[in-house]
2 protein chains.
Amino acid sequence: MTNTDTANSPRVESDIVQDSINAIRFLSVDSVQKADSGHPGAPLGLAPLAYTLWTRHMSYDPERPDWIDRDRFVLSAGHASMLLYSSLHLAGYDCTIEDLKNFREYGSRTPGHPERHDLAGIEVTTGPLGQGLANAVGMALAERILAAEFNDDENTIIDHHTWCIASDGDMMEGVTSEASSVAGYWGLGKLIVFYDQNHVSLSGPTDVTFTEDTAARYRSYGWQTLEVEDANDVQAIDAAIEKARAETTRPSLIAVNSHIGYGSPLVDTYKVHGSPMGAENVALTRERLGWNYAPFEIPNEIYKHWRSGSNNGTAQYERWEQRWNIYKAKSPALAQELERRFRNELPEKWNLEMPTYSTTDKPEATRVSGGKALNALAINMPEIIGGDADLWPSTMTQLVNRGAVSPGKWRERNICYGVREHAMGSITNGIMCHGGFRAFTATFFCFSDYMKPALRLAALMKLPAVFVFTHDSIGLGQDGPTHQPIEHLAALRALPGMSLIRPADPNEAVQAWEVATAHTDGPTTLVFSRQGLPVMDTTNMKVEAGAYTYLNGKDAVIVGTGSEVSIAIDARELLANDGIEAAVVSMPSWDLFRKQDRQYQESVLPPGVPKVAVEAGSPLGWHEFVDDVVALNRFGASAPADEVYKHLGITAENVVAHVKKLLDK
Amino acid sequence: MTNTDTANSPRVESDIVQDSINAIRFLSVDSVQKADSGHPGAPLGLAPLAYTLWTRHMSYDPERPDWIDRDRFVLSAGHASMLLYSSLHLAGYDCTIEDLKNFREYGSRTPGHPERHDLAGIEVTTGPLGQGLANAVGMALAERILAAEFNDDENTIIDHHTWCIASDGDMMEGVTSEASSVAGYWGLGKLIVFYDQNHVSLSGPTDVTFTEDTAARYRSYGWQTLEVEDANDVQAIDAAIEKARAETTRPSLIAVNSHIGYGSPLVDTYKVHGSPMGAENVALTRERLGWNYAPFEIPNEIYKHWRSGSNNGTAQYERWEQRWNIYKAKSPALAQELERRFRNELPEKWNLEMPTYSTTDKPEATRVSGGKALNALAINMPEIIGGDADLWPSTMTQLVNRGAVSPGKWRERNICYGVREHAMGSITNGIMCHGGFRAFTATFFCFSDYMKPALRLAALMKLPAVFVFTHDSIGLGQDGPTHQPIEHLAALRALPGMSLIRPADPNEAVQAWEVATAHTDGPTTLVFSRQGLPVMDTTNMKVEAGAYTYLNGKDAVIVGTGSEVSIAIDARELLANDGIEAAVVSMPSWDLFRKQDRQYQESVLPPGVPKVAVEAGSPLGWHEFVDDVVALNRFGASAPADEVYKHLGITAENVVAHVKKLLDK
């Protein structure tokens, strides 16, 4: 069974090791072949790395995939999903040969790219490049903070590594640069990233565009950099991992020089990146690597070898469990707290401290009220952690009396992400995937664009993170159109699984934070104003219903969200002067409103009554609910907020005109 | 007038130089003060740099701001807009004291962040951090390519520098990393970036998150890095610029150690970053810097000094004009061609080579037809240039018979951006802002998210770039939900100024490229299918109208876009079996349809006739046009495309059910 290609190599491994590596390769290649779709190149090249990691280094227990102190593994190069599925199968996770045979079939647990909810052992949904590495940074940060919070002098409860495999493509993505720079600042010593340096990407050799010295770049971020000259050299991989583990104050990047499609006739070409190799090439690869088994046939001794390595999963878990039992006996409250936090369960009294506002209070920007609500929640919810992209004096999301998370200050709660919105989003997803926290982010609404790929993955993974966006309209004023969101409400309302709330006043802002916090099976976007908004009466207020009638009126309905509810109220008064009785509906959340029963929906938006919406954003989507819209089909303008509203027609007068036009019909 | 703070400095400049520098400072500070809004810190710190650049190094002519061979300047740190406005004013551009006094007022030419169309001398709209530096890379690339294309041995027609000022925030943004890495690969020697290293950002000192060695990072990209120890040292700035100019094969990064808010009591604090300093602090700053003039008062000798520097703009232009006159005489065709290209004017016969398809042809993916159309245009339009984010074998956007733009191969037309979608978008904006090209980009539609900030700025700047996105729906199939766009059509339809076309077949794809090319006053997004689509009859086809009736029917209207038009046609046949005559409308573009007159609109979507839309994306927005929608309120799934369509209900049967339900009402 010895492979003739490597027979003369000084680093030849024993047959069982070679076979255990080749098992990954052929499970992967044969699954891709059966699906007639997929990426065989990376699993062929990286099989020795996966083998070394799973059998010699990673701490896990396939029987207990939710063990809180397991090592985390992130395949940032998500297209190499078969590498992961094959490894999980061989390692003994609940990933069967049937699962592998169903690769990329509808409803299977083995989709084209790994998805977090589908299979135990998949920590993160990956595929869009760059995300996984940034997620891994978030996981390593979560580990570091939890360790500082929960470990005591005698019992180490949280102490695990985060491993990540990243591709050339990951290294080119900006989000990777952002996340790696801040990881260097934090000095996350238990983050170990393998860079699959194969010099080939989807469309050809990488040297047509990617000639930077990536290792030097990582050193500039403050990382340790190591290199494995030959990805087939298990001992060299071993040695590099040991060096990486020994460095505890810096993250490590291990560049592994691999050959995409190793063993196949298409080795080192882009043709083996993203398409099945074809039956003939698969047969030739079998021959070259000396693999004589039928597709999906794995001899028992290979399973045995895989599952009896030095890191026998169950044994590792059992050692931890001993410590955990002592810890539980000694600090039962802390232990329960840790378990509660990993269940994403709200503590008792979580919302006891929420602020309330009276209609006699001064107007206040919802960003300010939102900040107060957040801080009120943080009093009873130590799992709340988060930060901003260098804008806290504007977003008002600083957790007061708490410092910045930084080396040596791991029990703090404010994360300074710098002007790195994208990494902020992706790191937040990583923190949430790790568990133990409810994480939030904050920046200007316009810059939600910079982190959209992360928002999408939060929704796809159903992570209960909270994404705060302030300065939510032309009400931002003089910074002008580059900073004034227009299309952003529509863009995020169209994102499946993302709840979005745009509160109209300080009281709605408080309720919005409560609804977002109680929503533990998916992400919420909170959209706050820069400008002060009058305090509304709470009698009928029902943010959790998505929309409610704030003021009654039989002739027409004016629907507003956020800062435009005030305009709707003004319009109602103007209409009253003309004997027209208009209702005002505040509609902070379309998605929450869609979840109400039809009777409630029709009580708020009665069929047959003319309805006009007013919102300082794109009109896109409003016709689902109303007959006409006062909104913006253009970019904003740089001027004081009142001026912009006036010149762009987001005014009570304009609403009145639209209502009258409908009534005239 | 000598400033006591710097009087003892060995680098003290003459009074007129100091005054000329302080003129920038106080025009800026007083404008911010008058607007009661803005960013005074950077202009105070960077005034000596701006002075040195404008009076000693930049090649420009204030009388001819559109001179094609002018140096380009990009203020990536757009919040420092007053630094730019003040410099333009002092240099003699059409930017008056009145303009400065109207800073941040509605309708003024001096908005909060610089906007390309507002004022001569503003090359790029900046503000969202990171964009400007990436735009500058695009400009420098455009210069390099045009120089190779148009200069002859005797006459250098295109030979200018691109200058950029970037902030700490710019350096943290991922798009900057992406663009700088590829700029290093290209070796853009005439790109010179100043990094305003002031160690303070909006919310505090940068060392709470940003401790990387930025210069080392830039060296890893292949840049020359230089440092100016003191931003007030004009001679050191001069010397660094000379070194940067002398390096012709690498871009240069000059780190300038500046003091944000220099001269003010708030120096070196974040408090002077983004808010007016207050009258008292302004007075103290006047005192400290020895500036005894009233707000907006500038003595004549300062104007004289500014406008008589070594780079007297008009003289520079005149030297170029001499060369240009010789060139025009010698190569009139080339000269006319260059002028045409800078006017964004279509050449004669631009669309003579477009492919046509007959209904007897085999089905073809619109990405394939789109690629053919693009190549047909490129035959007669040498200004077409563009590339992809490492996906050309999938996006089909390679320009055949043309190589990759790379060092020494500057006359090629394919740009390999690598897996750097965001930089691809922003560099494209830079190429378009430079002039001389019609640039396009290509990647999967799902990854439009990664470049959204650039798409937004293309729309805001009205740049006629073409953004191609393929694999436009769940029809992408087995790569699964991470790669299947859902909300993306809605997100880009909501973006003001962005035209979006999703063609239904190969013929519509060809027309879509023609419409996009003829649209010279704004950007177009073209959305293409991965899967093959049957060829449609062209008799009634009218992509430029946004929607048209493809098949008649009096009882109902089924509206489809892209790949779903085939489903609409199938549904029409099923309905015909039940005696229901449904029309089929193909609606490739909402924005183009909205531009039609009402009569046409009502002929296509007749009021009173039940209308159902079908689209494999979010339903958001469709209610503007139809009564009901067959669409997706969820993420996609990993399986062969047909399976996904079937399981997710994007089927003719489902359309039929929706039509019948409406008819039953």
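Thresholds, definitions, all that
- Residues numbered from 1 in each chain as written.
- Chains lettered and ligands numbered in written order.
- Predicted model: local features only at pLDDT ≥ 70, side-chain atom pairs only at ≥ 80, totals over all residues.
- Heavy atoms only, no water.
- Pairing = 2+ DSSP bridges.
- Helix = DSSP H or I, 4+ residues; strand = E, 2+ residues; numbered from the N terminus.
- Axes fitted to C-alpha atoms, helices over the stretch in contact; angles between N-to-C directions.
- Parallel < 35°, antiparallel > 145°, perpendicular 65-115°, else oblique.
- Left-handed = near helix turned anticlockwise from the far one by under 90°.
- Contact = heavy atoms within 4.5 Å.
- Nonpolar A, V, L, I, M, F, W, Y, C, P; charged D, E, K, R; others polar.
- Salt bridge = Lys/Arg side-chain N within 4 Å of Asp/Glu carboxyl O.
- Polar contact = N/O pair within 3.5 Å; in protein donor to acceptor, adjacent residues only side chain to side chain.
- Least-squares fit on C-alpha atoms with pLDDT ≥ 70 in both.
- Buried < 20%, exposed > 50% of the residue type's maximum accessible area, 1.4 Å probe, protein only.
- Expected span 1.5 Å × (residues − 1).
- Arc of directions from axis to C-beta.
- pLDDT = per-residue confidence, 0-100.
- Right-handed = clockwise from strand over helix to strand, strands pointing away.

What follows is about the sheet that holds strand S13 (residues 499–501) of chain A. All names here are of chain A. With parallel pairing, the six strands of this open sheet are ordered in space as S10-S9-S11-S12-S14-S13. With one partner strand each, in any of the chains shown, strand S10 (414–416) and S13 form the two edges of the open sheet. Across the sheet, the mean angle separating the axes of adjacent strands is 20° when strand polarity is ignored. Bridging between strand S9 (residues 384–388) and S10 involves three bridges; their strand directions are parallel. Across the sheet, the residue bridging to Gly-386 is Asn-414, located in S10.

Turning next to the packing of helix H1 (residues 15–35) of chain B against helix H3 (residues 81–91) of chain B. All names here are of chain B. For the pair H1 and H3, the least separation of the axes is 9 Å and the interaxial angle reads 125°. Considering their axes alone, H1 and H3 lie oblique with respect to each other. Between H1 and H3 lies a crossing of right-handed hand. Taking contact as the criterion, the partners of Ser-20, Ala-23, Ile-24, Leu-27, Ser-28, Ser-31 and Val-32 in H1 are, on H3, Met-82, Leu-83, Ser-86, Ser-87, His-89 and Leu-90. Partitioned by chemical class, the residues of the contact of H1 with H3 number seven nonpolar, six polar and no charged.

We now examine the interface of chain B and chain A. Taken together, the contacts link 96 residues of chain B with 96 residues of chain A. The interface formed by chain B and chain A includes eight salt bridges. For the salt bridge of Glu-487 of chain A with Arg-456 of chain B, the shortest nitrogen-to-oxygen distance reads 2.8 Å. The interface formed by chain B and chain A includes 48 residue pairs in polar contact (both at pLDDT 80 or more).

On to the relation of the copies chain B and chain A, then. When chain B is fitted to chain A, the best match, at an RMSD of 0.0 Å, comes from turning it 180° and sliding it 0.0 Å along the axis. The superposition operator between the copies reduces to a two-fold rotation axis. A shared interface surface links the copies, since 100% of the contact residues of chain B are contact residues in chain A too.

A few words on the pattern of salt bridges. All names here are of chain A. As enumerated under the stated definition, the model contains 65 salt bridges over all chains in all. Two residues, Asp-30 and Arg-286, come together in a salt bridge whose shortest N-O distance is 2.8 Å. Note that Asp-30 is positioned in helix H2 (residues 15–35) and Arg-286 in helix H11 (residues 279–289), a separation of 256 residues in sequence. The two residues Asp-30 and Arg-286 agree in class, both being buried. For Lys-190, the salt bridge goes to Asp-159, with nearest N and O atoms at 2.5 Å. In this pair, Lys-190 sits in the loop between helix H8 (174–186) and strand S3 (191–197) while Asp-159 sits in the loop between helix H6 (131–150) and strand S2 (162–167), placing the two residues 31 residues apart along the sequence. The class for Asp-159 is partly exposed, based on a relative accessible area of 40%. In the salt-bridge network here, residues are joined through shared partners; they are Asp-472, Arg-493, Arg-502, Glu-564 and Glu-615.

With that settled, consider helix H9 (residues 234–246) of chain B. Residues and elements named next belong to chain B. For H9, with 13 residues, the first-to-last C-alpha span of 18 Å sits near the 18 Å given by 1.5 Å per residue. Listed as buried for H9 are Val-234, Ile-237, Asp-238, Ala-240, Ile-241 and Ala-244. Looking straight down H9, one finds its buried side chains confined to an arc of 165°; they lie on one side. The outward face of H9, more than 90 degrees from its buried face, is lined by the exposed residues Lys-243 and Ala-246. Contacts from the buried residues of H9 go to H1, helix H2 (41–57), strand S2 (162–167), strand S3 (191–197), strand S6 (224–228) and strand S7 (252–257).

Of all residues in chain A, 97% have pLDDT values of 70 or greater, and the mean over the chain is 95. Low pLDDT (under 50) marks residues 1–11 of chain A, which in the prediction has 18 contacts with non-local residues, meaning those over four places away or in another chain.

Right, let's get into the environment of Arg-217 of chain A. Within the fold, Arg-217 of chain A resides in helix H9 (residues 214–220). Since its relative accessible area comes to 1%, Arg-217 of chain A is described here as buried. Once residues lying within four places of it in the same chain are set aside, the contact partners of Arg-217 of chain A are Met-171, Thr-176, Ser-177 and Glu-212 of chain A together with Arg-217, Ser-220 and Tyr-221 of chain B. Polar contacts involving the side chain of Arg-217 of chain A include one to the side chain of Glu-212 of chain A, which spans 2.5 Å.

Before going further, it helps to spend a moment on the sheet that holds strand S17 (residues 556–560) of chain B. Residues and elements named next belong to chain B. One open sheet accounts for five strands, arranged S16-S18-S17-S19-S20; its pairing is mixed. Across the chains shown, the open sheet's two edge strands, defined by having one partner strand only, are strand S16 (548–551) and strand S20 (628–630). Adjacent strand axes in the sheet meet at a mean angle of 30°, parallel and antiparallel pairs treated alike. Pairing geometry for S17 and strand S19 (residues 611–614), over four bridges, is parallel.

Residues and elements named next belong to chain A. Judged by how many residues are buried, strand S11 (residues 438–444) sits mostly within the fold: seven of seven residues are covered. The pairing of S9 with S11 spans five bridges and is parallel. Among the inter-strand pairings, Gly-387 is bridged to a residue of S11, identified as Thr-441. Where S11 meets strand S12 (residues 466–470), five bridges bridge the pair, whose relative direction is parallel. Looking at the pairing, Thr-441 lines up with Phe-467 of S12.

Our next topic: H11 of chain A. Two residues of an α-helix separated by three or four positions point the same way, owing to the 3.6 residues in each turn. All names here are of chain A. The complete set of buried residues in H11 reads Asn-281, Val-282, Thr-285, Arg-286 and Leu-289. For H11, the buried positions fall inside an angular range of 145° around the axis, keeping them on one side. Those residues of H11 that are exposed and aimed more than 90 degrees away from the buried face are Ala-279, Glu-280 and Glu-287. Looking at the buried side of H11, the elements it contacts are H2 and helix H3 (41–57). Residue Gly-290 follows H11 closely and has a positive phi angle near 65°.

This next bit is on the packing of helix H5 (residues 131–150) of chain B against helix H13 (residues 332–342) of chain B. Residue and element names in this part refer to chain B. It is at 11 Å that the axes of H5 and H13 come closest, and there the two elements cross at 155°. Comparing their axes, H13 and H5 come out roughly antiparallel. Contacts from Leu-146, Glu-149 and Phe-150 of H5 reach H13 at Leu-334, Glu-337, Leu-338, Arg-341 and Phe-342. Each residue belonging to the contact of H5 with H13 can be placed in one class, and the counts come to five nonpolar, no polar and three charged.

With that settled, the discussion passes to the environment of Leu-129 of chain B. For Leu-129 of chain B, the position within the fold is in the loop between helix H4 (97–101) and H5. The spatial distance from the C-alpha of Leu-129 of chain B to the C-alpha of Pro-453 of chain B is 9.8 Å, given a sequence separation of 324 residues. Excluding residues within four positions of it along the chain, Leu-129 of chain B makes contact with Val-419 and Tyr-450 of chain A together with Ser-76, Ala-77, His-79, Ser-167, Gly-169, Asp-170, Glu-173 and Val-175 of chain B.

A few words now on the pairing of strand S18 (residues 582–586) of chain A. Residue and element names in this part refer to chain A. Within S18, five of the five residues are buried, leaving the element largely enclosed by the surrounding structure. On S18, burial covers both faces: Ala-582, Val-584 and Ser-586 on one face and Ala-583 and Val-585 on the other are all buried. Alignment of strand S16 (residues 548–551) against S18, held across three bridges, turns out to be antiparallel. Counted as the bridge partner of Thr-549 is Val-585 from S18. Inspection of the sheet shows strand S17 (residues 556–560) paired to S18 by five bridges, in the parallel sense. Along S18, the bridge assignment pairs Val-557 with Ala-583. Assessed by its sense of winding, the connection that carries the chain from S17 through helix H21 (residues 564–577) to S18 is right-handed.

Glancing now at the environment of Met-536 of chain B. Residues and elements named next belong to chain B. Take Met-536: it is sitting in the loop between strand S15 (532–533) and S16. The exposure class of Met-536 is buried, given its relative accessible area of 5%. Counting along the chain gives 175 residues from Met-536 to Asp-361, while the straight-line C-alpha distance between them is 9.7 Å. The residues contacting Met-536, other than those within four sequence positions of it, are Thr-359, Ala-504, Asp-505, Asn-507, Glu-508, Met-541, Tyr-548, Tyr-550, Val-565 and Ser-586.

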